[in-house]
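Here's the letter readout for the chains.
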Amino acid sequence: MPRSNDAAAQMLQEFADLLAIAGGEPFKVRAYEKAARAVAGSPTDIADLDEKGLDAIPSVGAHLARKILEFLRTGSVEELEELRAQVPAGVRSLLDVPGLGPVRAHQVYAELGITSVTELLDALHEHRLQHLPGWGERSEANLVQAVHEAHTGGARIQLGVALGLAEEILAGLCALPRVRQATYAGSLRRMCATVGDIDLLVASEEAEPVMEAFCTMALVARVLVRGDTKSSILTTKGVQVDLRVVEPHSWGSALLYFTGSKAHNIRLREMAVRAGQKLSEYGLFDADTDRLIAAETEEAVYARLRLPWIPPTIREDSGEVEAALLGELPDLVELRDVRGDLHTHTDLTDGIATLEVMVAAAKARGYRYYAVTDHAPLLYMQRMTTEKALEQRLQIRQLEDAAGITLLHGTELNIQPDGSLDWDEDFLAGFDIVVASVHSAFRQSRDVMTARILRAVEHPCVNVIAHPTGRSIARRAPIDADWDEIFRAAARTGTALEVNSSPDRLDLDGDLVRRARHAGAFLAISTDAHAVPHLDNMRFGVATAQRGWAGSADIINTWPLGKLRRFLAKHSPAPDADQRR
DNA sequence: GCCGTTTTCGGCCCGACTGTTTTCAGTCG
């Protein structure tokens, strides 16, 4: 069951879509969309709010507060039902076809009675659309292709995959003459868990050769758009890559613009308008005289908007502009703050590298401490035993002096369907750190799952709940649990929640990180490395924690060893709880 | 529908590209 915020946000988005199709006032449509984002991004659970509390959410006014309340109380909204009667659900699904917006979705419905993507395809094959006003052969052919591609490809790309591809293409573009700067922007720079397409930005006085090189790369399957300053290609693996080329002097405003998010940009432009200015990818201008005010760097543009530079990972219009105006931007955790990895494996269980190799790799990354947390006996396939665990502990103690890094002997317990764990309390007390996680029975009911995880959180020896929701970005949905209750229990008991850095997981995600912090819980950013290269995923975990506005004070593995050890001893209350933002 | 250190009414982000048009509408980001 989704959180009330998500359900309400979906309701508002459906409202916006249907209003747009029905030909509603565009600004009204935008107001619903804006409110949907605001509700989804609010750290407060709206189920606990009254009308006044809802009205206090930015972009939610009295009208929408009442609609949200109606929705929360009755599960539906009368006015939305009327719209649904007016616009069949299938017509809304037409909006998923790239290139088909609300106006044309309504047009094909009103003129030809089309109410599904299937019917749209039939009509396209019978060439019934090209006779409508504003349509022609080209637009019909493009739509056929768009429907086809939306059905076959269209899946979002994992962050790790996207970053690899972006860096590969950028390496080629950087090698071109007269390319001054080149980088990735968009959701990739904001380090979203998945990205829909890859946005690249190049600064050069001469766009044409860059466009030519980009559109003729070996990995190009098809050129989607080819313009003077903007082109889009589809790679052979079905990934869309957009490139913009700008003059070097507008690098900052272009980077700001192409990084987004769209909602963040809109906020900045609104501020510019109120100050008698105009902001675009070409710069910040005086609205009356068109005089250029700032463009060269992001910092300069933000500064002239009277804002400090805002880190890309929090540019989501979820409160960062307000915080910036108040001088209250969070001091986000950085990769360099991380002093150790607290969840890793060796070949004693399912890792592929030896203890010595993993420890040497950790040392090489400059870590001060490093936890080895191989699986425990209840994950039967890993064949762990009490004897093996004790032998590993001995090995770690012997290795520690020569390794020149503090080694923590830990384990990753299996949270059983009833919430019980491997080993008894006496034995668990012998570990330096205990992480626990769900590896099976993912589909329990919300209540059973919540009780199961709470039991682990409240266990006196459990220090970290690893990959809490169990999601696998490409393959498995997150488990259903009352996260806010779990976060409150974690805060109370001094149990940390993991931000798993694997690009397959990124678990907790940014939204849950924010809610966990809101509840006063601490976090651990770990890689769950099963091999040496996985240790480098830490940057994805850090970015995900940033997306949840986490600072190093929130992250236990940025702390000095002594403070970390006191936390792991699990004495309540949690240390420094009152010193955090 | 939302919002206000010009405003409780009248604004509401900006530009590129495409395809259909001869000056623009629709879509996208």
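Residues numbered from 1 in each chain as written. Chains lettered and ligands numbered in written order. Predicted model: local features only at pLDDT ≥ 70, side-chain atom pairs only at ≥ 80, totals over all residues. Heavy atoms only, no water.

> I'd like a description of the environment of Gly327, backed by residues and values.
Looking at where Gly327 falls in the secondary structure, it is placed in the loop between α16 (320–325) and β11 (340–341). The exposure class assigned to Gly327 is exposed, which follows from its relative accessible area of 63%. For the pair formed by Gly327 and Pro308, sequence separation is 19 residues and the distance between their alpha carbons is 7.9 Å. (Helix = DSSP H or I, 4+ residues; strand = E, 2+ residues; numbered from the N terminus. Buried < 20%, exposed > 50% of the residue type's maximum accessible area, 1.4 Å probe, protein only.)

> Account for the protein's contact with DNA strand B, with residues named and values stated.
Taken together, 46 residues sit near DNA strand B, with Arg30, Gly61, Gly136, Tyr257 and Arg269 positioned nearest. Taking all atoms of DNA strand B within 4 Å of the protein, the share assigned to sugar and phosphate is 75%. Lys262 places a polar side-chain atom, nitrogen or oxygen, 3.1 Å from a base nitrogen of DNA strand B. Between DNA strand B and the protein, one listed contact pairs a phosphate oxygen with a side-chain N or O atom of Glu270 at 2.6 Å. Ranked by residues supplied to the surface near DNA strand B, first place goes to helix α14 (residues 262–274) with six residues. (Near = heavy atom within 4 Å. Polar contact = N/O pair within 3.5 Å; in protein donor to acceptor, adjacent residues only side chain to side chain.)

> Can you explain the packing of aromatic side chains? Please cite residues and give values.
Per the stated rule, a full pass over the model turns up nine aromatic pairs. Centre to centre, the rings of Tyr257 and Phe258 are 4.7 Å apart; their planes meet at 70°, and the pair counts as edge-to-face. For Tyr257, a relative accessible area of 29% translates into the label partly exposed. Assessed through its relative accessible area of 16%, Phe258 is described here as buried. Relative to Phe567, the ring of Phe522 has its centre 5.7 Å away and its plane inclined at 70°; by these criteria the two rings are edge-to-face. Linking Phe522 in the loop between α22 (510–518) and β17 (523–526) with Phe567 in helix α24 (residues 561–568), this pair joins segments that are 45 residues apart in sequence. (Phe/Tyr/Trp six-rings, centres within 6.5 Å; stacked < 30°, edge-to-face > 60°.)

> Got a sec to walk through the pattern of salt bridges? Specific residues and values, please.
By the definition in use, this model includes 28 salt bridges. The shortest N-O distance in the salt bridge between Glu298 and Arg315 comes to 2.8 Å. One end of the pair, Glu298, is in helix α15 (residues 298–304); the other, Arg315, is in the loop between α15 and α16, and 17 residues separate them in sequence. We classify Glu298 as buried; its relative accessible area is 4%. Ionic pairing is found between Asp432 and Arg397, a salt bridge with its closest N-O pair at 3.1 Å. (Salt bridge = Lys/Arg side-chain N within 4 Å of Asp/Glu carboxyl O.)

> Let's hear about the sheet that holds strand β9 (residues 283–286): which residues, and what values?
Strand order in the open sheet made by the three strands is β8-β9-β10, with antiparallel pairing throughout. Where the open sheet ends on each side, the last strands, each with one partner, are β8 (277–280) and β10 (292–294). Sheet twist, expressed as the mean angle between neighbouring strand axes with direction ignored, is 35°. Alignment of β9 against β10, held across two bridges, turns out to be antiparallel. The residue of β10 that forms the bridge with Phe285 is Leu292. (Pairing = 2+ DSSP bridges. Axes fitted to C-alpha atoms, helices over the stretch in contact; angles between N-to-C directions.)

> Account for the nonpolar core, with residues named and values stated.
Membership of the largest hydrophobic core comes to 61 residues, with the highest contact counts inside it found for Tyr370, Trp423 and Leu523. When residues of this core are assigned to their parent elements, the largest contribution, six residues, is made by helix α21 (residues 483–493). (Core = buried A, V, L, I, M, F, W, Y, C linked by side-chain atoms within 4.5 Å.)

> Tell me about the layout of surface pockets, residues and numbers included.
Empty space among the atoms can be located by rolling a probe the size of a water molecule over them. Each pocket or cavity is described by its volume, and for the largest pocket that value is around 1,400 Å³. Lining the largest pocket are 48 residues, with Asp6, Asp509, Asp511, Leu512 and Arg515 positioned closest to its centre. With six residues, the top contributor of residues to the lining of the largest pocket is α22. Taken together, the residues of the lining of the largest pocket break down into 19 nonpolar, nine polar and 20 charged. Empty space within the second largest pocket amounts to approximately 990 Å³. Around the second largest pocket, the lining is made up of 32 residues, and of these Arg190, Gly260, Ser261, Lys262 and Ala263 lie nearest the centre. Mapped by element, the contributors of at least two residues to the lining of the second largest pocket are α2 (26–41), α11 (186–189), β6 (230–235), β7 (240–246), α13 (251–259) and α14. The biggest single contributor to the lining of the second largest pocket is α2, with eight residues. (1 Å grid on protein atoms, 1.4 Å probe; cavity = no way out; pocket = protein on both sides within 12 Å on 5 of 7 lines; lining within 4 Å. Points joined across faces, edges and corners; volume = space filled by probe spheres on them. Nonpolar A, V, L, I, M, F, W, Y, C, P; charged D, E, K, R; others polar.)

> I'd love a proper account of the domain arrangement of chain A, names of residues and values included.
By domain assignment, chain A separates into domain 1 (4–152), domain 2 (157–246), domain 3 (251–325) and domain 4 (335–572). Computed from C-alpha coordinates alone, the two centres of domain 1 and domain 3 are separated by 29 Å. (Domains from an automatic or database assignment.)

> Please set out the sheet that holds strand β16 (residues 496–500) residue by residue, giving values where relevant.
In spatial order, the strands read β11-β12-β13-β14-β15-β16-β17; together these seven strands make up an open sheet with parallel pairing. Bordering the open sheet on either side are β11 and β17, each of which pairs with just one other strand. Where β11 lies against strand β12 (residues 369–375), two bridges are found, and the strand directions are parallel. Directly across from Gly340, in β12, lies its bridge partner Tyr369.

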